[in-house]
Amino acid sequence: MIISSWNINSVRIRTENIEKYIKKTNPDILMFQEIKCEDDKFPYDFFKERKYNCYVFGQKSYNGVAIISKIKLSNIDKKFNDPNNQSRLIASDIKISGKLVKLICIYLPNGNPVNTDKFPYKKKWLKNFINYLQKQMLTYDEIIIGGDFNIIPNSNDVDNPEDWENDALYKLEIRKEFRKIINLGFKDSFRLFNNESKQYTFWDYTQGSWHKNKGLRIDHFLISDKLSNKVKSVTIDKFTRGLVKPSDHAPIRINF
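So, a few notes on the structure that sits alongside this text.

Conventions used here
- Residues numbered from 1 in each chain as written.
- Predicted model: local features only at pLDDT ≥ 70, side-chain atom pairs only at ≥ 80, totals over all residues.
- Heavy atoms only, no water.
- Axes fitted to C-alpha atoms, helices over the stretch in contact; angles between N-to-C directions.
- Helix = DSSP H or I, 4+ residues; strand = E, 2+ residues; numbered from the N terminus.
- Parallel < 35°, antiparallel > 145°, perpendicular 65-115°, else oblique.
- Contact = heavy atoms within 4.5 Å.
- Nonpolar A, V, L, I, M, F, W, Y, C, P; charged D, E, K, R; others polar.
- Expected span 1.5 Å × (residues − 1).
- Pairing = 2+ DSSP bridges.
- Buried < 20%, exposed > 50% of the residue type's maximum accessible area, 1.4 Å probe, protein only.

Brief notes about the packing of helix 3 (residues 118–136) against helix 4 (residues 172–183)
Turning to step 1, where the next piece is worked out: One way to put it is that helix 3 packs onto helix 4 with a least axis distance of 10 Å and a crossing angle of 10°. Regarding the angle of helix 3 to helix 4, the classification is roughly parallel. On helix 4, the residues touching Phe119, Lys122, Lys123, Leu126, Phe129, Ile130 and Leu133 of helix 3 are Glu173, Ile174, Glu177, Lys180 and Ile181.
Turning to step 2, where the next piece is worked out: The class makeup of the residues in the contact of helix 3 with helix 4 is seven nonpolar, no polar and five charged.

Observations regarding helix 3
Residues spaced three or four apart along an α-helix point in a common direction, a consequence of the helix completing one turn every 3.6 residues.
Turning to step 1, where the next piece is worked out: Counted at 1.5 Å a residue, the expected span for helix 3 with its 19 residues is 27 Å, and the 27 Å between its end C-alpha atoms agrees.
Turning to step 2, where the next piece is worked out: Elements in contact with the buried residues of helix 3: strand 5 (74–77), strand 6 (89–96), strand 7 (99–107), strand 8 (142–148), helix 4 and strand 9 (186–188).

Re the sheet that holds strand 2 (residues 29–33)
Turning to step 1, where the next piece is worked out: Judged by pairing direction, the sheet is mixed, and its six strands sit side by side in the order 3-4-2-1-12-11 without closing on themselves. Unpaired on one side and paired on the other, strand 3 (53–57) and strand 11 (233–236) mark the two borders of the sheet. Neighbour-to-neighbour, the strand axes of the sheet open up by a mean angle of 15°, direction not taken into account.
Turning to step 2, where the next piece is worked out: For strand 2 and strand 4 (residues 65–69), the ladder comprises five bridges, and the chain directions are antiparallel. In the sheet register, Gln33 faces strand 4, and the bridge partner there is Val65.
Turning to step 3, where the next piece is worked out: Helix 1 (residues 15–25) rests against strand 1 (2–7), strand 2 and strand 12 (252–255) of the sheet, and its axis sits at about 155° to strand 1.

Focus: unusual backbone geometry
Turning to step 1, where the next piece is worked out: Cis geometry marks the peptide bond from Asn112 to Pro113, where omega comes out at -5°.
Turning to step 2, where the next piece is worked out: You can see Pro113 is positioned in the loop between strand 7 and helix 3.
Turning to step 3, where the next piece is worked out: Located in the positive-phi region is Glu34, a residue other than glycine, with phi close to 55°.
Turning to step 4, where the next piece is worked out: Examined against the element boundaries, Glu34 turns out to sit in the loop between strand 2 and helix 2 (44–49).
Turning to step 5, where the next piece is worked out: Taking the relative accessible area as the measure of exposure, Glu34 reaches 13% and is therefore buried.
Turning to step 6, where the next piece is worked out: With a phi angle near 55°, Asn85 is a residue other than glycine that sits in the positive phi range.
Turning to step 7, where the next piece is worked out: Structurally, Asn85 is set in the loop between strand 5 and strand 6.

Rendered as structure tokens:
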């Protein structure tokens, strides 16, 4: 089973790139963040033609998450205590190797600028998300969290980390919250296979960031400890960032 996660930065204007991605990687499940459309504006027909079922939690112009899947998913869950009532989490049940697994797609708030109400919103969101996970763990032994976390976990996940110490993506108190999630019983799946620096999932559109490889690793798959021995590979599909009219994020793909 292949599951991908991609901050698509507006799903309706990226369908050509999505088609190229599907043809090259053939994911069974693809989770999107920042779809930037309401449910009724989502390109259902495009995905239906490619044999995917669509599960959407949209929002006008901003945010929005979705899961598309070749297999029908069950127990679709959009109930999360978002402090600002935004569309940032959708979840479902899937089966991997016969085991029931909770699949959670998130788009965590950016939090910048830190001297505005956006930063307290991010901190509150993280607190609520940890509470949400603790409740899910009472029912599910195995959980997969994929999405745009807007968190740089470590110094080797960003170019010039000292420049980011006061940024909401890298502030120490935010990285500590990320560590709290890990300590619940999760693993940063990408780092199970790759410990190299300069492995990024996001490159800004400005200042030649893509060509200079000045990026950030802020898109992650966190998996329950019990799932780690079922993972064959985890890949950042950087080729998408070099396409015409790309998202500023690349997908991350996990192969069970």
